[in-house]
Structure formats: structure tokens, C-alpha cells
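# What the coordinates show
Residues per chain are reported as follows:
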Amino acid sequence: MTGSPPPGPLPDAAAHAFGGLLADARVLIVDDNRINRHLLLALLERGGITLIEQAEDGQDALTRMERFKPDLVLLDLMMPQMDGFEMCRRLRADPRWKSLPVLVQSSLNRAEDRARAFAAGATDYVAKPINAEELLARVGIHLRKRAMLRDLERYHSRRETELELARAMQARMLPGPDRLAELEEATGIAVQAHFAPSSELGGDFWGIERLPDGRVTVYLVDFSGHGVGAALNTFRLDAICRQIGSTDMTPAGFLAAVNRRLCGLLPSGQFATMLTGLIDPVAGVFHYASAGSTAPMMWHPGDEAPRLGDGSGLPLGLLPSASYDSRQLPMPPGARLFLYSDAAIEIPTGDGSAGGGGHEVLDEYGLATLFARRLHLSNDDDLLAGLLGDLAATGPIDDDLTALLLTRRR
């Protein structure tokens, strides 16, 4: 292609257009005309860019991409071997270079030529003969955008790494399959569990433990909100529960002790609902207390529907002097206890048909109806999976969802 006249003298501002932030920027010049390449090289160097590679055509440029890894390409259009249009198309077909700025500099000035260049993937277009100040200004804009994009990508990568670590920590708080199998072997209490956060991290968590006297303690927590803030609160509460322990305490006393500790830690406006209980296999009773949790559901063999317990009580973290009531539900051999977070009863139903009462959300009675439809299933895994499928079919679940099915084996 014919050469361009030499660029005019650079204004002082343009001569230092790129500053320290872009001193390490890498620019690939692609032009079949050696004079043009040298002119662009001189112009960029006078603007403060020193990491510059040159290529004679599109094919030559593509072979240099992986090694040089440019932050911007200055591309001529009319070249032998492979022209700028084809090079643009190949760059955009490679995921590594989809966002790479490509600044076309060409003597093709017709509107259809510009349209064709942009359709091929060009980012910007400068007409020859080159205006030095304009070219440097455009190069500066695209390099700064590229630098900001890389900073954003690094931030997202770092954030995802930290979130993955937090997810792993949160997963370790929950009882694993081996622990649940040991619990069933020792106590006859089988547990099926489901935990699905609505975002990267959840505000729900639960725990279960066999006490030395053979009873089983279980709890389910649901913090206000979800995401990172709610997940941090689950770590706080898990530590509190472990410090207090529940060996010598009633469920109501345990809730009161947890609440006193939590009130001094939670920021204003944040709270948690919690149900904690003791399964006594000898007496066949589930003793429990609730801090504003959902109502526990207990099904006995032979019943057509589950019995609803009482989930009322002041949520944790609001009033240090709060007290809680002791409650109980019979749990004979073969009984099934269902515990769940409020996401399961806040699913929009539209016509309210699931609850039968014209409500706009599923509510506890609607959930009990779905639960009753699955009670004929003898396999607990199938029962819980079917119930979760029913919930998903009811409507969108916009909050963290935890569901626990505890069965007292015969």
C-alpha cells in the first residue's frame, strides 16, 4: 500500500499522552508498507509507548499474537497474504482476542469500507493521512479502556477465588454423608438434606449431632438477606453454637443463650430465625424451641397429612432479654420430621391454588399439602427429591433454600 506523509510535530500533551499507567502497554503495528510501520513506530515512541511489535500482513501478525500478547493492534486494511478484514474476523473468532482493541488506519475512506471494517470486528477507524494528535488520542483512549478492563477482570478473578474459599468453608459447616451415615447407624435417625443458596453464598445453615445420652440435637438457621453478608453471619453463629454446646441445655435455654451472644455481634437491622430441637428416641418425642422459624412438620405412619408444629418466637439478634417456649411433638418409630427455611413457603403461586386459601405465596399449609402428596413414597431420597421438584414447579425460588427430612427408623 502507498505510504502516508510523515506525521506533524506532536503537541506536548500528546507527546506524553500515555503516562506511567500505560508505560507497559504493548502495541502491534500491522502494515505491509515499511515506511508506514516506521512512521507509526516513531509516533508511538514519542507518545511514550516502547513495547511495540511490527508485522507485514495479517498472517504474520497472527503468528506473533501469542508470543507478544498486544494490548492494542494498529491495523492496515489492504495487505497481501491476508488483509486486515480477514485478520479482524480471525481475531474475533478466538476467545482470547474477542475484547482486544483493533484500531484500523487506512486510506479507504468510503462509508461502505468503514462499515465493512466494523462488521469484521474493528474497534475504531482512523483515516490516512494520519493526524498524529488524533491517532495518539484514540490509542490512549483504547489503551486506558483495556487497562481498566484488565483491572476489572483481575478483580472478578480474585473475588471468585475468595468466594470459592468461602463456599468451601460454608460447605464444611454442614454435616457430610459419612457423618449422617454414622448418625443413622448409631441412633436410627436417617437424614436427607438439601441446601441451595440463591446467590454465591447463602444465609442458611444447619447442624445435627448425637449426644452422649443417645438423644439427637438438630438445628436450622435462616439469616435475613443472602449473599456474602448473610454468609458471614452464619460463620459467627456456627462459632457461637459450638462454644455454647447443647449437652445440658433445653432447646429453649439454648436459643436464649445464643440470642444473648448474637445481639452483641449483629449490625442493626440484621437478625436470624432458628429452630433447635432434641429427638429422644427412647421417649419417642421431638422437643424443640423456635425463634421465628418455619413450623416443623411431623408425619406419623397411618396419617394422611403431616402435623404442623409452632414456629412462633422472637428472631435472634433483636432483644437480648428474649425468652423462648419449650414445645414438643410425638415422634414414634416410622415418623418423618420435615424442617425447612422460609424460601419453601414464600414461593409465588399466582392464583394461590397450592395453599387453597387464595394466598399469593405457597405458605405452610400449601407446603404441607405438597408434602402429603409424597408421603406414600417409602424411599426418603425419592420423597425429598419429589417435594423439591414440586416446589420448583410451583414458582421461582428467590431465597436460600434448606430442606431436612429426618426419619425415625422402625
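Residues numbered from 1 in each chain as written. Predicted model: local features only at pLDDT ≥ 70, side-chain atom pairs only at ≥ 80, totals over all residues. Heavy atoms only, no water.

## What about the domain arrangement of the protein?
Let me state the cut-off plainly: Just so you know, the domain bounds were taken from an automatic or database domain assignment.
Split by domain assignment, the protein resolves into domain 1 (12-153) and domain 2 (174-408). When each unit is reduced to the centre of its C-alpha atoms, the spacing between domain 1 and domain 2 is 59 Å.

## What about the pattern of salt bridges?
Basically, it comes down to this: Within this document, salt bridges are pairs made up of a side-chain nitrogen of Lys or Arg and a carboxyl oxygen of Asp or Glu, the two lying within 4 Å of each other. Burial classes: relative accessible area under 20% of the type maximum marks a residue as buried, over 50% as exposed, and values in between as partly exposed (1.4 Å probe, protein chains only).
Inspection of the entire model under this criterion finds 25 salt bridges. Two residues, Arg-110 and Glu-112, come together in a salt bridge whose shortest N-O distance is 3.4 Å. The residue Asp-213 makes a salt bridge to Arg-215 at a minimum N-O spacing of 2.8 Å. Judged by relative accessible area, Asp-213 falls into the exposed class, the value being 51%. Where salt bridges share partners, they join Glu-53, Asp-60, Arg-64 and Arg-67 into one cluster.

## Brief notes about the sheet that holds strand S11 (residues 297-299)
How we decide: In this analysis, strands are considered paired if DSSP registers two or more bridges between them. In this text, helices come from DSSP runs of H or I with a minimum length of four residues, and strands from runs of E with a minimum of two, each type numbered from the N-terminal end.
What the 5 strands build is an open sheet, ordered S6-S15-S14-S11-S12; its pairing is antiparallel. What marks the edges here is a single partner per strand, and that holds for strand S6 (189-196) and strand S12 (307-308). Across 3 bridges, S11 lies against strand S14 (residues 336-340) in antiparallel orientation. The residue bridging Trp-299 from the neighbouring strand is Arg-336, located in S14.

## Description of unusual backbone geometry
Both trends apply: most residues other than glycine have a negative phi, and most peptide bonds are in trans. The linkage connecting Lys-128 with the following residue, Pro-129, adopts the cis geometry, with an omega of 0 degrees. In this structure, Pro-129 sits in the loop between strand S5 (124-127) and helix H6 (132-173). Phi angles above zero are rare outside glycine, and Lys-69 is one such case at about 50 degrees. For Lys-69, the location among the structural elements is in the loop between helix H3 (58-68) and strand S3 (72-75). The backbone phi angle of Gln-81 is positive, close to 65 degrees, even though this residue is not glycine. Structurally, the position occupied by Gln-81 is in the loop between S3 and helix H4 (84-93).

## Re the pairing of strand S10 (residues 285-291)
Walk down a regular strand and you will see the side chains alternate between the two sheet faces. Most of S10 is tucked away: 6 of the 7 residues are buried. Direction of pairing for strand S9 (residues 272-280) relative to S10: antiparallel, over a ladder of 7 bridges. Looking at the pairing, Ile-279 lines up with Phe-286 of S10. Sheet topology note: the S10/strand S13 (residues 327-330) ladder contains 4 bridges and is antiparallel. What sits directly across from Val-285, in S13, is Pro-330.

## Let's talk about the packing of helix H8 (residues 228-244) against helix H9 (residues 251-263)
So the rule is basically this: Axis lines are fitted through C-alpha atoms, for helices just across the contact stretch, and the angle between N-to-C directions can take any value from 0 to 180 degrees. In this scheme, roughly parallel covers angles under 35 degrees and roughly antiparallel covers those over 145, while 65 to 115 is roughly perpendicular and the rest are oblique. If you view the pair so one helix is near and one far, a crossing is left-handed when the near helix is turned anticlockwise from the far one by less than a right angle, and right-handed when it is turned clockwise. Contacts were defined at the residue level, with two residues in contact if any of their heavy atoms lie within 4.5 Å. The residue classification treats Ala, Val, Leu, Ile, Met, Phe, Trp, Tyr, Cys and Pro as nonpolar and Asp, Glu, Lys and Arg as charged. All others, Gly included, are polar.
For the pair H8 and H9, the least separation of the axes is 10 Å and the interaxial angle reads 130 degrees. In terms of orientation, H8 and H9 fall into the oblique class. Read as a crossing pair, H8 and H9 show a hand that is right-handed. Of the residues in H9, those touching H8 at Leu-237, Ile-240, Cys-241, Gln-243 and Ile-244 are Phe-254, Ala-257, Val-258, Arg-261 and Leu-262. Residue classes in the contact of H8 with H9 are distributed as 8 nonpolar, 1 polar and 1 charged.

## Some details on the sheet that holds S10
Across the sheet, 5 strands lie side by side as S7-S8-S9-S10-S13; this open sheet has antiparallel pairing. The outermost strands of the open sheet, each flanked by one partner alone, are strand S7 (204-210) and S13. Neighbour-to-neighbour, the strand axes of this sheet turn through a mean angle of 15 degrees, independent of strand direction. The sheet contacts of H8 involve S7, strand S8 (216-223) and S9, and relative to S8 the element is tilted by about 155 degrees.

## Considerations on helix H7 (residues 177-187)
Structural remark: α-helix, 3.6 residues per turn; residues separated by three or four positions point the same way. Where we set the bar: Starting at the helix axis, one direction is taken to each C-beta atom, and the arc is that of these directions.
Buried residues of H7: Leu-180, Leu-183 and Thr-187, and no others. Along the long axis of H7, the arc covered by the buried residues comes to 55 degrees, so they all point the same way. The exposed residues of H7 that point more than 90 degrees off its buried face are Pro-177, Asp-178, Glu-182 and Glu-185. Packed against the buried residues of H7 are S6, S7 and S8. Following H7 by one or two positions, Gly-188 has its phi on the positive side, about 80 degrees.

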